[in-house]
Amino acid sequence: MKDKADKETLKTAKAELAKLTSEADPTNGKTQTSKATYDQAKADATQAEADAQKVIDDDNATAEAVAAALAKVNEKKSALADAKAKLVDAITAEQKAALAKVADDLKLAETTGKTPDSVKAYNDAVEKIKTELEAVKQAAKTVQDKGDDATKAEATEVQDKVAAVKEKLTKAAELLKDQVSESHTDPVEIDTPTDLDNPTNLDNQNNVSDNQDSNADKIVQIVTKPTETKVNTTENNHGNGTITTVESKANKQNQAKLPNTGAKYSTATIMVAIAGILLGFGLAAGRRKEKE
């Protein structure tokens, strides 16, 4: 008869393996390749665990069989732990979206309407980073082509390179200067008089102006009309002289016809009165000489 093989070590190893195979799935958000490796290691470990249990349950299992089962359990336990450690974070949805618009982020600036000198300076600056620009575009495309197998780390690395090149393109674009049109003039605001906006005010002003013109015409007509002057000479009651009265017909007519222009005395009336007085003095002086 053969001695029963010691199975205690096998039982302990199998229990440790069971802990690894029964834990929560750690592959969420990991790359497809690393997830596949882990899933395979877990399947192999689960099979080794089942084989070890058969040996443990076999009362006739030899020491060689127990040792072989123990070696297999330890091997698969180590492989599963290694696969778990090598799970890689996959590219995120945000990173996918960012890499999808790299072409737009690294688009060259529009040079239409810019000065020739500034366009040349811009093109020279872009030429200096042309190799770097094309390389980062290709790197972004490579990561995108990997799909869910692209890693978060490599996507981050490409994003950093894209940001660096984009900054250089932005500085290059600052060299561009707008052309100034010769016919360009700044808009001028003109203040419009309030009266122009009010038709009623304009009509009132026109009426006042017409009345003033009409009054002026009447005055001219009166001044230019011949003046008829009547001189009356009477003896003084005291017998020591004569009293001369000058009556101007035009003066009376003017008083009746002159329009009310707002002035108390018109220039035409004053001139006619002065002329009448001077004429009266002249006639009186002539009569005194005749009497003498």
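Residues numbered from 1 in each chain as written. Predicted model: local features only at pLDDT ≥ 70, side-chain atom pairs only at ≥ 80, totals over all residues. Heavy atoms only, no water.

1. Re the overall build of the chain
Scanning the chain from N- to C-terminus turns up 11 helices and 2 strands. Here the chain holds 292 residues, and the buried ones make up 24% of them. For the chain, the share of sequence-separated contacts (at least 6 apart) that also reach a separation of at least 24 residues comes to 73%. Total accessible area computed for the chain in this model is approximately 20,600 Å², and 52% of it derives from carbon and sulfur atoms. (Helix = DSSP H or I, 4+ residues; strand = E, 2+ residues; numbered from the N terminus. Buried < 20%, exposed > 50% of the residue type's maximum accessible area, 1.4 Å probe, protein only. Contact = heavy atoms within 4.5 Å. Areas by Shrake-Rupley, 256 points an atom, 1.4 Å probe, with all protein chains shown as cover.)

2. Things to note about the nonpolar core
Nonpolar side chains in soluble globular proteins tend to end up buried together. Formed by 20 residues in total, the largest nonpolar core has its most connected members in L99, L106, V143 and L169. Among the secondary structure elements, those contributing two or more residues to this core are α6 (116–128), α7 (130–146) and α8 (152–173). Among the elements that take part in this core, α8 stands out by supplying 6 residues, more than any other. Those residues in contact with L169, other than ones at most four positions away along the chain, are L106, L108, Y122, V126, I129 and L133. Among the nonpolar cores identified, the runner-up in size contains 19 residues, and A41, A45, A69 and L87 belong to it. (Core = buried A, V, L, I, M, F, W, Y, C linked by side-chain atoms within 4.5 Å.)

3. Things to note about the confidence of the model for the chain
Per-chain confidence: the chain averages 78 in pLDDT, with 64% of residues scoring 70 or above. In this model, residues 192–197 is a region of pLDDT below 50 whose contacts with residues beyond four sequence positions or in other chains number 5 contacts. (pLDDT = per-residue confidence, 0-100.)

4. Let's talk about the packing of α7 against α8
It is at 10 Å that the axes of α7 and α8 come closest, and there the two elements cross at 150 degrees. Classed by the angle they form, the pair α7 and α8 counts as roughly antiparallel. Pair α7 / α8 crosses with left-handed handedness. Residues E132, L133, V136, A139, A140, V143 and K146 of α7 pack against E154, A155, V158, K161, V162, V165, K168 and L169 of α8. Considering only residue class, the contact of α7 with α8 consists of 10 nonpolar, no polar and 5 charged. (Axes fitted to C-alpha atoms, helices over the stretch in contact; angles between N-to-C directions. Parallel < 35°, antiparallel > 145°, perpendicular 65-115°, else oblique. Left-handed = near helix turned anticlockwise from the far one by under 90°. Nonpolar A, V, L, I, M, F, W, Y, C, P; charged D, E, K, R; others polar.)

5. Here's the deal with α8
Taking 1.5 Å of rise per residue, 22 residues should cover 32 Å, and α8 covers 31 Å from first to last C-alpha, within 8% of that figure. Taken residue by residue, α8 has E154, A155, V158, V162, V165, L169 and A172 as its buried positions. End-on view of α8: buried residues confined to an arc of 95 degrees, all on one side of the axis. The exposed residues of α8 that point more than 90 degrees off its buried face are A153, D160 and K171. Buried residues along α8 sit against α4 (93–100), α5 (102–105), α6 and α7. (Expected span 1.5 Å × (residues − 1). Arc of directions from axis to C-beta.)

6. Some thoughts on the side chain of K76
Here K76 shows up in helix α3 (residues 63–85). The buried charged residue K76 lacks any salt bridge, with E75 as its nearest oppositely charged partner at 4.1 Å. Among all residues touching K76, those that are not within four sequence positions of it are L17, D44, A45 and A48. (Lys, Arg positive; Asp, Glu negative; His and termini not counted. Salt bridge = Lys/Arg side-chain N within 4 Å of Asp/Glu carboxyl O.)

7. Some points on the packing of helix α1 (residues 8–22) against α3
Running from N to C, α1 and α3 cross one another at 25 degrees; their axes reach a closest spacing of 9 Å. Between α1 and α3, the angle is such that the two are roughly parallel. Remark: the crossing between α1 and α3 carries left-handed chirality. Residues T9, L10, A13, K14, E16, L17, L20 and T21 of α1 form the contact with α3, whose own contacting residues are V66, A69, L70, V73, N74, K76, K77 and L80.

8. A few points about the side chain of T21
Turning to its location among the elements, T21 is positioned in helix α1. A distance of 3.1 Å separates the side chain of T21 from the backbone oxygen of A18, its partner in a polar contact. (Polar contact = N/O pair within 3.5 Å; in protein donor to acceptor, adjacent residues only side chain to side chain.)

9. Examining the environment of T92
Along the chain, the position of T92 falls in the loop between α3 and α4. Residue T92 is classed as partly exposed on the basis of its relative accessible area, which comes to 23%. Remark: the alpha-carbon pair of T92 and D148, spanning 56 residues in sequence, is separated by 8.7 Å.

10. Here's the deal with a nonpolar patch on the surface
A cluster of nonpolar residues, I270, I274 and L278, forms a patch on the protein surface that exposes about 290 Å² of accessible area. By the secondary structure assignment, I270 is in helix α11 (residues 267–291). (Patch = residues over 30% accessible without salt bridge, like charges linked within 9 Å, V, L, I, M, F, W, Y side chains within 5 Å.)

11. Some remarks on the pattern of salt bridges
Under the counting rule described, the total for this entry stands at 17 salt bridges. For K166, the salt bridge goes to D105, with nearest N and O atoms at 4.0 Å. Residue K166 is located in helix α8, and its partner D105 is located in helix α5; the two are separated by 61 residues in the primary sequence. Here D178 makes a salt bridge to K114, at a shortest N to O gap of 2.4 Å. Of this pair, D178 sits in the loop between α8 and α9 (199–224) while K114 is found in the loop between α5 and α6, placing the two residues 64 residues apart along the sequence. Take D178: its relative accessible area is 53%, and that puts it in the exposed class. Residues joined by salt bridges that share partners form a network here, namely K101, D105 and K166.

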